[in-house]
Amino acid sequence: MIAPYFSEALIQALHESKRVAALTGAGVSQESGLRTFRDPQTGLWAQHKPEDLASPEAFCRDPKLVWDWYAWRREALKGVRPNGGHYALAELERRLPAFTLITQNVDGLHRMAGSQNVLELHGNIQRVRCSICGTFAEDWQEPENEVPRCEVCGGFLRPHVVWFGETLPRAELETAVEAARSSELFFSIGTSGIVQPAASLAYAARNRGAKLVEINPEPTPLTPKVDFFLQGKSGELLPALVRAVWAA
Ligand code: BJW
Ligand code: ZN
């Protein structure tokens, strides 16, 4: 790859900013081999739109279908490793005085790459809780053709993720809003920016005077508002940016 060009203004902004926040989406994990949400689906799940599976209504209608989709995704995650973009974000946390990483992803790859200060707005796919009483399950029986049940109340188990129409974890969301509002530089990386309330964080940052940086191979609804649009893959651009800013 030819070394990408980054403007002096962006490099200077990264040198000077004391408070930086970044919001990531499924695109940061694409180069680790994971599918994004709004990519056309292939194979086993091609006939279902993810939006139609990630909802309490879908789980009510067909709990087994939704459980199997998540079980398949957990299985697919087994061999998956973070990519250069995840590692570069962990490096930003080490380099910058105050850096908050806000992710919509449930795959856990940011922590695997070494990021410590991660706000998981949509939960984590590896955790499972009861859909009735909320008790977390560490391990569970998988009866054939049935959704596993809670040992406490007998309710169906479900993934500890946030579905459409459900509220985000309050503490994480409040901390994310505060980090966005107080940031001088805000990155939106690998997200289509259409799912609320995560999508509004960039606007909250901008309204308080932050400069916006977007990294995405495709323009999004946010693109016209950003100060720096880095068009391309985050697994390539983020490590190159870190090298450009902190060149030995
Ligand atoms: C690359 C790349 C590479 C590719 N490098 N980039 C206000 C207005 C309108 C609607 C609402 C509103 N407030 C709430 C709503 C309703 C709803 C919503 O936002 N709907 C919109 C779709 C219109 N939001 C909610 O229901 C939320 N709850 C809530 O707000 O509660 C209060 C409330 C409830 C009801 C009414 C009002 C208020 C909850 C949202 C939960 C979202 N959950 C999911 C599933 C999580 C579990 C799971 O993983 O299965 O979260 S849906 C899915 O979308 C997932 C993602 O985190 C999320 C965002 O997707 P993301 O990450 O942006 O992925 P993609 O695929 O869309 O984009 C990938 C991008 O990467 C693309 O741009 C590519 O170009 C790019 N890319 N390769 C960099 N290599
Ligand atoms: Zn229960």
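The structure displayed is predicted, hence computed values, not measured ones.

Engineer: When you look at the coordination of the zinc ion (ligand 2) in this model, what are you seeing that I'm missing?
Structural biologist: Reference values for angles at a metal are 109.5 degrees in the four-donor tetrahedral case and 90 or 180 degrees in the six-donor octahedral case. Within the protein, the atoms that donate to the zinc ion (ligand 2) are Cys-130 (SG), Cys-133 (SG), Cys-150 (SG) and Cys-153 (SG), at distances of 2.2 to 2.4 Å. Seen from the zinc ion (ligand 2), its 4 donor atoms lie at angles of 98 to 116°, and the figure they make is tetrahedral. Each donor residue of the zinc ion (ligand 2) belongs to the same chain, with the gaps between them written as C-x2-C-x16-C-x2-C. For Cys-150, a relative accessible area of 8% gives the class buried. Judged by relative accessible area, which is 37%, Cys-153 ranks as partly exposed.

Engineer: I keep staring at the packing of helix 5 (residues 84–95) against helix 9 (residues 234–245) and nothing clicks. Help me out?
Structural biologist: With their axes 7 Å apart at the nearest point, helix 5 and helix 9 run at an angle of 30° to one another. As helix 5 packs across helix 9, the resulting crossing turns out to be left-handed. Facing Gly-84, Gly-85, Ala-88, Leu-89, Glu-91 and Leu-92 of helix 5, the residues of helix 9 in contact are Ser-234, Gly-235, Leu-238, Pro-239 and Val-242. Looking at side-chain class alone, the contact of helix 5 with helix 9 contains 6 nonpolar, 4 polar and 1 charged residues.

Engineer: What is the right way to read the sheet that holds strand 4 (residues 123–130) from this model?
Structural biologist: Pairing between sheet strands relies on hydrogen bonds along the backbone, with the strands arranged either parallel or antiparallel. Reading across the sheet, the 3 strands line up as 5-4-6 and stay open at both edges, with antiparallel pairing between neighbours. The sheet is open, and its two borders are formed by strand 5 (136–137) and strand 6 (157–161), each paired with just one other strand. Here strand 4 runs beside strand 6; their pairing, made up of 5 bridges, is antiparallel. Bridge assignment links Cys-130 to a residue of strand 6, and that residue is Leu-157. Contacts between helix 4 (residues 63–76) and the sheet are confined to strand 4 and strand 6, with strand 4 contributing the most and set at about 135° to the helix.

Engineer: I'm lost on the packing of helix 1 (residues 8–16) against helix 9 in this one. Help?
Structural biologist: Helix packing geometry: the angle between the two helix axes and the distance between the axes. For the pair helix 1 and helix 9, interaxial distance at closest approach is 10 Å and the crossing angle is 75°. With respect to their mutual orientation, helix 1 and helix 9 come out roughly perpendicular. Here helix 1 contributes Leu-10, Ile-11, Leu-14 and His-15 to the contact with helix 9, which in turn contributes Leu-241, Ala-244 and Val-245. Split by residue class, the contact of helix 1 with helix 9 holds 6 nonpolar, 1 polar and no charged.

Engineer: For this particular structure, what's the right way to read the site of ligand 1?
Structural biologist: Around ligand 1, the structure places 35 residues, and the nearest of them are Arg-38, Tyr-70, Thr-191, Ser-192 and Gln-196. Here an oxygen atom of ligand 1 sits 3.2 Å away from a polar atom, N or O, in the main chain of Gly-190. In the environment of ligand 1, an oxygen atom lies 2.7 Å from a nitrogen or oxygen atom belonging to the side chain of Asn-216. Burial of ligand 1 by the surrounding chains reaches 75%, relative to a free accessible area of 1500 Å². Broken down by element, the residue count for the shell around ligand 1 peaks at 3 residues, all from helix 4. By residue class, the composition of the shell around ligand 1 is 15 nonpolar, 14 polar and 6 charged.

Engineer: Looking at this structure, how should I read the sheet that holds strand 1 (residues 19–24)?
Structural biologist: Spatially, 6 strands are ordered 3-2-1-7-8-9 in an open sheet, and the strand pairing comes out parallel. Two strands close off the open sheet at either side, each with one partner strand: strand 3 (118–120) and strand 9 (228–231). Each neighbouring strand pair of the sheet contributes to a mean axis angle of 15°, computed without reference to strand direction. Where strand 8 (residues 211–216) lies against strand 9, 4 bridges are found, and the strand directions are parallel. Across the sheet, residue Asn-216 finds its bridge partner in strand 9, namely Gln-231.

Engineer: Could you clarify how one ought to interpret the packing of aromatic side chains in this entry?
Structural biologist: Any pair of aromatic rings gets described here by the distance separating the centres and the angle formed by the planes. Per the counting criterion, the structure on display carries 5 aromatic pairs. Their ring planes at 85° and their centres at 5.9 Å tell us that Trp-67 and Trp-140 sit as a pair that is edge-to-face. You can see Trp-67 sitting in helix 4 and its partner Trp-140 sitting in the loop between strand 5 and strand 6, a full 73 residues away along the chain. The exposure class assigned to Trp-67 is buried, which follows from its relative accessible area of 0%. The class of Trp-140 is partly exposed, set by a relative accessible area of 23%. The interplanar angle of 45° and the centroid separation of 6.2 Å between the aromatic rings of Tyr-70 and Trp-163 together place this pair among those described as tilted. Of the two residues, Tyr-70 is situated in helix 4 and Trp-163 in the loop between strand 6 and helix 7 (170–181); the sequence distance between them amounts to 93 residues. Here Tyr-70 falls in the buried class, since its relative accessible area comes to 3%.

Calculation rules
Residues numbered from 1 in each chain as written. Chains lettered and ligands numbered in written order. Predicted model: local features only at pLDDT ≥ 70, side-chain atom pairs only at ≥ 80, totals over all residues. Heavy atoms only, no water. Donors = N, O, S within 2.8 Å, 3.2 Å for Na, K, Ca; no water. Tetrahedral: all angles 85-135°; square planar, octahedral: opposite > 155°, others 65-115°. Buried < 20%, exposed > 50% of the residue type's maximum accessible area, 1.4 Å probe, protein only. Axes fitted to C-alpha atoms, helices over the stretch in contact; angles between N-to-C directions. Helix = DSSP H or I, 4+ residues; strand = E, 2+ residues; numbered from the N terminus. Left-handed = near helix turned anticlockwise from the far one by under 90°. Contact = heavy atoms within 4.5 Å. Nonpolar A, V, L, I, M, F, W, Y, C, P; charged D, E, K, R; others polar. Pairing = 2+ DSSP bridges. Parallel < 35°, antiparallel > 145°, perpendicular 65-115°, else oblique. Near = heavy atom within 4 Å. Polar contact = N/O pair within 3.5 Å; in protein donor to acceptor, adjacent residues only side chain to side chain. Areas by Shrake-Rupley, 256 points an atom, 1.4 Å probe, with all protein chains shown as cover. Phe/Tyr/Trp six-rings, centres within 6.5 Å; stacked < 30°, edge-to-face > 60°.

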